[in-house]
Amino acid sequence: MNGLQGEQGAHAAVLDPARPTEGCCTTFLAFGNGAAASMVYSGYDHFDSDEFHFWIGESGQPKTAAHASSRRSLRQSTADTAEAAVRAQRYGYGSPFWKAIQSAHRPHQPHFGVLIATCEKADARPSADGVLLYTHDGVQEVALPAGQSVPGYGDVLDEMVAAVQGQAAAVHDGRWGRDTLAVCLAILQSAREGREIFLPAA
């Protein structure tokens, strides 16, 4: 998001009285260079979008359909334990969840829902281990090179090390983080005020 400039409109909703904060949103982004994006997110664990992603989980691990399993497990385990503690114990670093990912044989690349990019000559979306390109000639898959560590997570650390050692500029630098935060705050502002938010050039 370097060089962020444009406008966005969003709608967010609070659908769980037990968690009185925004849990889902629909957002439209228009950038100053003519690019645009639409995003839909729900954190209520009703529909599992991994159904559209080859049943590969967010962290790259194979999974089976278990709709609303997170809500059920939280409902059963938070009677006498804070929800944050349950989440940290189950999903935090060193938890059984992370150990299962690290012990898995070559986990797939991580993802966060369904992503489709429309370009001049093709549409593209992530596959389990690469990128699917939909062109005038049909569909082809471009495999991603395998890293030395857990896909996705190890790549980010390798990027940081390369930047610190002066080998390459970081893609996810401070400006990228600032612009990402600006978009998140603008989504909340747009939803609460019911209007488009214009972001100045960074």
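No experiment lies behind these values; they were computed from the predicted model shown.

### Section: the environment of Pro145
- Along the chain, Pro145 falls in the loop between β7 (138-143) and α4 (153-164).
- Taking C-alpha positions, Pro145 is 8.8 Å from Asp129, a pair spaced 16 residues apart along the chain.

### Points about the pairing of strand β3 (residues 36-42)
- Bridge count between strand β2 (residues 24-31) and β3: 7 bridges; the pairing is antiparallel. Along β3, the bridge assignment pairs Ala30 with Ala36.
- Taking the residues that link successive antiparallel strands as the turn, the β2-β3 hairpin has 4 residues, and the phi of Gly34 there is positive, at about 100 degrees.

### Remarks on the packing of aromatic side chains
- By the definition in use, this model includes 2 aromatic pairs.
- Aromatic pair Tyr41 and Phe112: ring centres 6.0 Å apart, planes at 15 degrees, arrangement stacked. Taken as a pair, Tyr41 in strand β3 and Phe112 in the loop between α3 (96-103) and β4 (117-118) lie far apart in primary sequence, 71 residues in all.
- Measuring from centroid to centroid gives 5.3 Å for Phe47 and Phe52, while their planes differ by 55 degrees, and the two rings are tilted.
- The class of Phe47 is partly exposed, set by a relative accessible area of 48%.

### Some words on the sheet that holds strand β5 (residues 123-126)
- With antiparallel pairing, 4 strands are arranged side by side in an open sheet as β4-β5-β6-β7. This sheet does not close on itself; its edge strands, each paired only once, are β4 and β7.
- Sheet topology note: the β5/strand β6 (residues 130-135) ladder contains 4 bridges and is antiparallel. Among the inter-strand pairings, Pro126 is bridged to a residue of β6, identified as Val131.

### Describing helix α5 (residues 174-193)
- Here α5 spans 28 Å end to end across 20 residues, near enough to the 28 Å set by a 1.5 Å rise per residue.
- When α5 is considered as a whole, its buried residues turn out to be Asp179, Val183, Ala186, Ile187 and Ser190. The buried residues of α5 occupy one face: seen down the axis, they fall within an arc of 110 degrees. α5 presents Gly174, Leu181, Leu185 and Arg192 as exposed residues on the side facing more than 90 degrees away from its buried surface.

About the thresholds
Residues numbered from 1 in each chain as written. Predicted model: local features only at pLDDT ≥ 70, side-chain atom pairs only at ≥ 80, totals over all residues. Heavy atoms only, no water. Helix = DSSP H or I, 4+ residues; strand = E, 2+ residues; numbered from the N terminus. Pairing = 2+ DSSP bridges. Phe/Tyr/Trp six-rings, centres within 6.5 Å; stacked < 30°, edge-to-face > 60°. Buried < 20%, exposed > 50% of the residue type's maximum accessible area, 1.4 Å probe, protein only. Expected span 1.5 Å × (residues − 1). Arc of directions from axis to C-beta.

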